[in-house]
Amino acid sequence: MSLLYPKQNQEIQPGVHLIQDVNATNSPMKYTAVKVLELDAQRSFAETLGNFEAGIVILAGKVTVTAGDQRFEGIGQRQSVFDKIPTDSVYVGTGLSFKLAAQTTAKVLIAYSPTTTSFPVRLIKGDIHQIEHRGRYQNKRLVQNILPDDLPFADKLLLVEVYTDSGNWSSYPPHRHDHDNLPTESLLEEIYYHEMQPKQGFVFQRVYTDDLSLNETMAVQNQDVVIVPKGYHPVGVPDGYDSYYLNIMAGPIRVWHFHNAPEHAWIIDRK
Ligand SMILES: O=C[C@H](O)[C@@H](O)[C@H](O)CC(=O)O
């Protein structure tokens, strides 16, 4: 089972390109799924959710989103994820329909999680994101929390963006969240949507379990997706390139409690 989903580029409608589409039909993921779309200006995409909730993140460009009986005109705060400006998102509750109408060339990520529990449609403005500067030495990263577990706006979905500059590591030291053992650890699947700057760059990502029954190390390229059904999942960024990834997490309980690999936990405690 490969955990790596290379970028595709399928024109599903005139001016609407499907870059990623990872879900239960082509992955072992039970709680998470993702679409990434690139829309030409003035093009639109519409969908009706079944028993899923969705988080629509305007990765780049300006988009008008209608969902249920609400309309959010011209949202989106950046031309590239690497502008490092927190962007706008829309939460759409289970069973509702939504439409994306691109005002400019736009890139949109749609995160999904199965549920029949309804939460209201909500615009999540970039300016409410909790920003964190995590790490020291060569594991510094910038974290922009879009839908963290302390915002009770969703039934299952957790969304976060992470920037890791040249020569640094993130999701490091390695941690896991694949044991339903609260309050110590929560069980959350995770999907990584990666972008690189410059685009020809790559990162190394390893996904592995304590018993190494799962142990896959990948060279991940621009707009690839990596799924983390379980296990530790560190990311290393080669010199000269900057990394972006958006994480989608979901599981039985919407809380992020992780367990650091004990043999590497000393990394955190260095003076
Ligand atoms: O479990 C969460 C993901 O691994 C990332 O969001 C990670 O926490 C980001 C980081 O702190 O490096």
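Calculation rules
- Residues numbered from 1 in each chain as written.
- Predicted model: local features only at pLDDT ≥ 70, side-chain atom pairs only at ≥ 80, totals over all residues.
- Heavy atoms only, no water.
- Buried < 20%, exposed > 50% of the residue type's maximum accessible area, 1.4 Å probe, protein only.
- Helix = DSSP H or I, 4+ residues; strand = E, 2+ residues; numbered from the N terminus.
- Pairing = 2+ DSSP bridges.
- Phe/Tyr/Trp six-rings, centres within 6.5 Å; stacked < 30°, edge-to-face > 60°.
- Lys NZ or Arg CZ within 6 Å of the ring centre and 35° of its normal.

Peer 1: Explain the pairing of strand β11 (residues 106–114) here, please?
Peer 2: Remark: a regular strand shows side chains that alternate across the two faces of the sheet. Of all nine residues making up β11, eight are buried, and the element is well covered by its neighbours. Where strand β6 (residues 52–60) lies against β11, eight bridges are found, and the strand directions are antiparallel. Its bridge partner being in β11, Gly-55 is matched across the sheet by Ala-111.

Peer 1: Looking at this structure, I do not really get the sheet that holds strand β22 (residues 215–221). What am I missing?
Peer 2: Strand-to-strand pairing in sheets goes through backbone hydrogen bonds, with the strands running parallel or antiparallel. The strand order β16-β24-β21-β22 describes an open sheet built from four strands, whose pairing is antiparallel. Two strands lie at the open edges of the sheet, namely β16 (169–170) and β22, each paired on one side alone. In the sheet, strand β21 (residues 202–208) pairs with strand β24 (residues 235–236) via two bridges, with the strands oriented antiparallel. What sits directly across from Gln-205, in β24, is Val-235.

Peer 1: What is the right way to read the packing of aromatic side chains from this model?
Peer 2: Aromatic ring pairs are defined here through the distance separating the ring centres and the angle between the ring planes. Applying the stated rule across the entire model yields 10 aromatic pairs. Between Phe-52 and Tyr-112, the ring centres sit 6.4 Å apart and the planes meet at 85°, which makes this aromatic pair edge-to-face. Of the two residues, Phe-52 is situated in strand β6 and Tyr-112 in strand β11; the sequence distance between them amounts to 60 residues. In this structure Phe-52 comes out as partly exposed when scored by relative accessible area, which is 33%. In textbook terms, an aromatic cluster arises when at least three aromatic residues are bridged by ring pairs, as seen for Phe-82, Tyr-163 and Tyr-244. The ring of Phe-153 carries Arg-122 above its face, with NZ or CZ at 3.7 Å from the centroid. If you follow Arg-206 out to its NZ or CZ, it ends over the ring of Tyr-208, 3.7 Å from the centre.

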